[in-house]
Amino acid sequence: MTFLSKKTGITKKAGIALCIASTLLVAGCGNTRMVRGYVFDKELADAIQPGVDNRQSVIGTLGGPTMRASFNDNIWYYVSTTVRVRPVFWPDAKEHRVLAISFNDSGIVDDVRNYDMNDRRVVNPVGDKTPTRGREMNVFQQIFMNVGRFSGSAPVGSGGVGPNGGGPNG
């Protein structure tokens, strides 16, 4: 009788361990969605009115911008991207929104534009190299370039100074 109870106890432990392992495995393979950047709220974005709002009211409503235009401080961008994160794969963008707010010189909202996934543009960077001055050397030339260039004599100004004839510090 004791042999059967021990055997049953082992199978219960194995069953519990199997359930925990399978639960963790299934949970690890699930998809999660994550918002990166500004958490977009349509009602708040629609509340910004050109000609009515100013910089302070925009900050009060939306908070600080995600970024400002590089060459024009009068354009603010609120960028929000919702991505699907799957184990082993790169994050996949499912929704992308950009709210662009431009101000006139007196700080009043001039224009409000909404951009989404359809407005994205693919940018292919140029793979060319910038030419530099000088000569191109291979690895062996870089390693052995200075072999034989030095005569082995002491550096200039190191002889005859001090009591031992060494450097200025002896």
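Residues numbered from 1 in each chain as written. Predicted model: local features only at pLDDT ≥ 70, side-chain atom pairs only at ≥ 80, totals over all residues. Heavy atoms only, no water.

### Some thoughts on the overall build of the protein
Secondary structure assignment for the protein yields 4 helices and 5 strands. Counting the 170 residues in the protein, one finds 15% classified as buried. Considering only intrachain contacts with a sequence separation of at least 6, the fraction spanning at least 24 residues in the protein is 43%. (Helix = DSSP H or I, 4+ residues; strand = E, 2+ residues; numbered from the N terminus. Buried < 20%, exposed > 50% of the residue type's maximum accessible area, 1.4 Å probe, protein only. Contact = heavy atoms within 4.5 Å.)

### Some remarks on the packing of aromatic side chains
This structure, assessed with the given rule, holds 2 aromatic pairs. Ring plane angle 65 degrees and centroid distance 4.7 Å describe the contact between Trp76 and Phe103, whose orientation is recorded as edge-to-face. Here Trp76, found in strand S3 (residues 75-85), pairs with Phe103, found in strand S4 (residues 92-103); they are 27 residues apart in sequence, far enough to count as distant. For Phe103, a relative accessible area of 5% gives the class buried. A cation over an aromatic ring shows up here: Arg55 above the ring of Phe103, its NZ or CZ 4.9 Å from the ring centre. (Phe/Tyr/Trp six-rings, centres within 6.5 Å; stacked < 30°, edge-to-face > 60°. Lys NZ or Arg CZ within 6 Å of the ring centre and 35° of its normal.)

### Here we look at the pattern of salt bridges
Considering all chains together, one arrives at 3 salt bridges under this definition. Note that Lys42 and Asp46 form a salt bridge whose closest N and O atoms lie 3.1 Å from each other. Of this pair, Lys42 and Asp46 both sit in helix H2 (residues 42-47), 4 residues apart, which is roughly one turn of that helix. Take Asp46: its relative accessible area is 41%, and that puts it in the partly exposed class. Across the salt bridge formed by Arg68 and Asp73, the nearest N and O atoms sit 3.4 Å from each other. What makes Arg68 partly exposed here is its relative accessible area of 41%. Taking the relative accessible area as the measure of exposure, Asp73 reaches 43% and is therefore partly exposed. (Salt bridge = Lys/Arg side-chain N within 4 Å of Asp/Glu carboxyl O.)

### A word on helix H3 (residues 55-62)
The α-helix advances 3.6 residues per turn, and as a result positions three or four apart in sequence lie on the same side. Its side-chain oxygen 3.2 Å from the backbone nitrogen of Gln56, Asn54 forms the N-cap of H3. Residue Gly63 follows H3 closely and has a positive phi angle near 90 degrees. (Polar contact = N/O pair within 3.5 Å; in protein donor to acceptor, adjacent residues only side chain to side chain.)

### Description of the pairing of strand S5 (residues 109-115)
Taken together, the 6 bridges between S4 and S5 define a ladder with antiparallel strand orientation. Opposite Ile101, over in S5, you have Val112 as the bridge partner. Remark: 5 residues form the turn of the hairpin made by S4 and S5, two consecutive strands paired antiparallel; Gly107 in that turn has positive phi of roughly 90 degrees. (Pairing = 2+ DSSP bridges.)

### Some details on the side chain of Asp53
Mapped onto the fold, Asp53 is located in the loop between H2 and H3. Buried charge Asp53 goes without a salt bridge, the closest partner of opposite sign being Arg55 at 13 Å. Those residues in contact with Asp53, other than ones at most four positions away along the chain, are Ala47, Ile48, Val58, Gly107, Ile108 and Val109. (Lys, Arg positive; Asp, Glu negative; His and termini not counted.)

### Topic: the nonpolar core
By size, the foremost hydrophobic cluster in this structure holds 12 residues: Tyr38, Phe40, Ala45, Ile48, Val58, Leu62, Trp76, Tyr78, Leu99, Ile101, Phe103 and Val109. Looking at this core, the elements with two or more residues in it are H3, S3 and S4. Tallying contributions element by element places S4 first for this core, with 3 residues. Discounting residues that sit within four places of it in the chain, Tyr38 has contacts with Leu62, Thr66, Tyr78, Val79 and Ser80. (Core = buried A, V, L, I, M, F, W, Y, C linked by side-chain atoms within 4.5 Å.)

### A short note on the confidence of the model for the protein
Keep in mind that low pLDDT regions are not for reading the predicted coordinates in detail. This prediction gives the protein a mean pLDDT of 78; 76% of its residues lie at or above 70. For the protein, the element scoring lowest by mean pLDDT is helix H1 (residues 2-28), at 65; S5 scores highest, at 93. The low-confidence segment residues 1-5 (pLDDT under 50) makes 0 contacts with residues lying over four places distant or belonging to another chain. (pLDDT = per-residue confidence, 0-100.)

### Side note on the side chain of Ser102
Position of Ser102 among the secondary structure elements: in strand S4. Excluding residues that lie within four positions of it along the chain, Ser102 makes contacts with Asn74, Ile75, Ile108, Val109, Asp110 and Asp111.

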